[in-house]
Structures are given as C-alpha cells and as structure tokens.
Amino acid sequence: MKAGIHPEYRAVVFQDVTSDFAFLTRSTLGSKETVKWEDGNEYPLIKLDITSASHPFYTGKNKVMDTSGRVDKFRKRYAQK
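Residues numbered from 1 in each chain as written. Predicted model: local features only at pLDDT ≥ 70, side-chain atom pairs only at ≥ 80, totals over all residues. Heavy atoms only, no water.

*Asks:* Whenever I open this one, the overall build of the chain confuses me. Can you help?
*Replies:* For the chain, the helix and strand inventory stands at 2 helices and 4 strands. For the chain, the N- to C-terminal ordering of α and β elements is β-β-β-β-α-α. Looking at the chain as a whole, 15% of its 81 residues are labelled buried. Element-wise, carbon and sulfur atoms account for 52% of the exposed surface of the chain, whose accessible area totals about 7200 Å². (Helix = DSSP H or I, 4+ residues; strand = E, 2+ residues; numbered from the N terminus. Buried < 20%, exposed > 50% of the residue type's maximum accessible area, 1.4 Å probe, protein only. Areas by Shrake-Rupley, 256 points an atom, 1.4 Å probe, with all protein chains shown as cover.)

If you want it as structure tokens, here you go:
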C-alpha cells in the first residue's frame with residue numbers, strides 16, 4: 001500500500017437515534033461528536049436513522065398488506081366481454 005493516500009481506519013461508535021442502540025466497529029468515517037464507550041475510551045460518534053434494532057424487517061413489526069382478492073377484483077373490473 002502507498003503511504004499517505006488511504007483514509008484513517010479507526011474505531012467508531014454507530015448509534016441508532018430512534019432506539020438508542022449503539023455498536024462499536026471500525027470505519028473510515030469521522031465525526032466531530034464523541035461518546036464515551038463501555039470500555040472507558042472516547043470514540044467518534046456517527047448517528048444513524050435506521051439500524052437492525054429499528055428497521056421493521058429485523059424487528060418483526062413490518063406491515064403485511066392484505067392482498068387477498070386484489071387479482072380477482074382486477075380481473076372482474078377489467079374482464080374482456
């Protein structure tokens with residue numbers, strides 16, 4: 001690897017603002033905000049709108065639309081005579 005052309009790869013905390021879920025991982029993203037983590041160290045904080053803790057697919061709270069009869073309604077409405 002060439003020196004000086006790659007971004008700094010460091011530990012960063014990602015926090016879900018809707019559910020207060022946070023996790024520590026490594027990233028090249030930076031932030032002016034910091035947070036003190038469980039291990040006592042301070043890390044840059046990246047705030048996220050959606051994570052697996054708040055996404056409807058992963059939480060099991062996704063809405064299933066009632067599609068029964070939709071095809072039959074369509075065929076009845078636009079049936080060829």
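Having seen the model, we can carry on.
*Asks:* Mind showing me how you'd approach the packing of aromatic side chains here?
*Replies:* Aromatic ring pairs are defined here through the distance separating the ring centres and the angle between the ring planes. By the definition in use, this model includes 3 aromatic pairs. Consider the rings of phenylalanine 74 and tyrosine 78, whose centres lie 5.1 Å apart with planes at 50°: the pair is tilted. Overall, tyrosine 78 belongs to the exposed group, its relative accessible area being 53%. Among the aromatic residues, ring-to-ring pairing joins Phe14, Phe21 and Phe23 into one connected group. (Phe/Tyr/Trp six-rings, centres within 6.5 Å; stacked < 30°, edge-to-face > 60°.)

*Asks:* When you look at the pairing of strand E1 (residues 10-16) in this model, what are you seeing that I'm missing?
*Replies:* Put simply, side chains in a regular strand alternate between the two faces of the sheet. Here E1 lies mainly inside the structure; 5 of its 7 residues are buried. Sheet analysis places E1 next to strand E2 (residues 22-27), joined by 6 bridges and oriented antiparallel. Bridge pairing in E2 places arginine 10 opposite serine 27. Between E1 and E2, which pair antiparallel one after the other, the connecting turn spans 5 residues, and aspartate 20 there sits at a positive phi close to 60°. Where E1 meets strand E4 (residues 42-48), 4 bridges bridge the pair, whose relative direction is parallel. Directly across from glutamine 15, in E4, lies its bridge partner lysine 47. (Pairing = 2+ DSSP bridges.)

*Asks:* What is the right way to read the sheet that holds E2 from this model?
*Replies:* Pairing between the strands of a sheet comes from backbone hydrogen bonds, and it takes one of two forms, parallel or antiparallel. Strand order in the open sheet formed by 4 strands is E2-E1-E4-E3, with mixed pairing between adjacent strands. For this open sheet the edge positions go to E2 and strand E3 (34-36), each flanked by a neighbour on one side alone. The average angle at which neighbouring strand axes cross in this sheet is 45°, direction not considered. (Axes fitted to C-alpha atoms, helices over the stretch in contact; angles between N-to-C directions.)

*Asks:* Honestly, the side chain of serine 27 in this entry has me stumped. Any pointers?
*Replies:* Following the sequence through the fold, serine 27 ends up in strand E2. If near-sequence neighbours (up to four positions away) are discounted, serine 27 is found in contact with Glu8, Tyr9, Arg10, Val12 and Phe14. (Contact = heavy atoms within 4.5 Å.)

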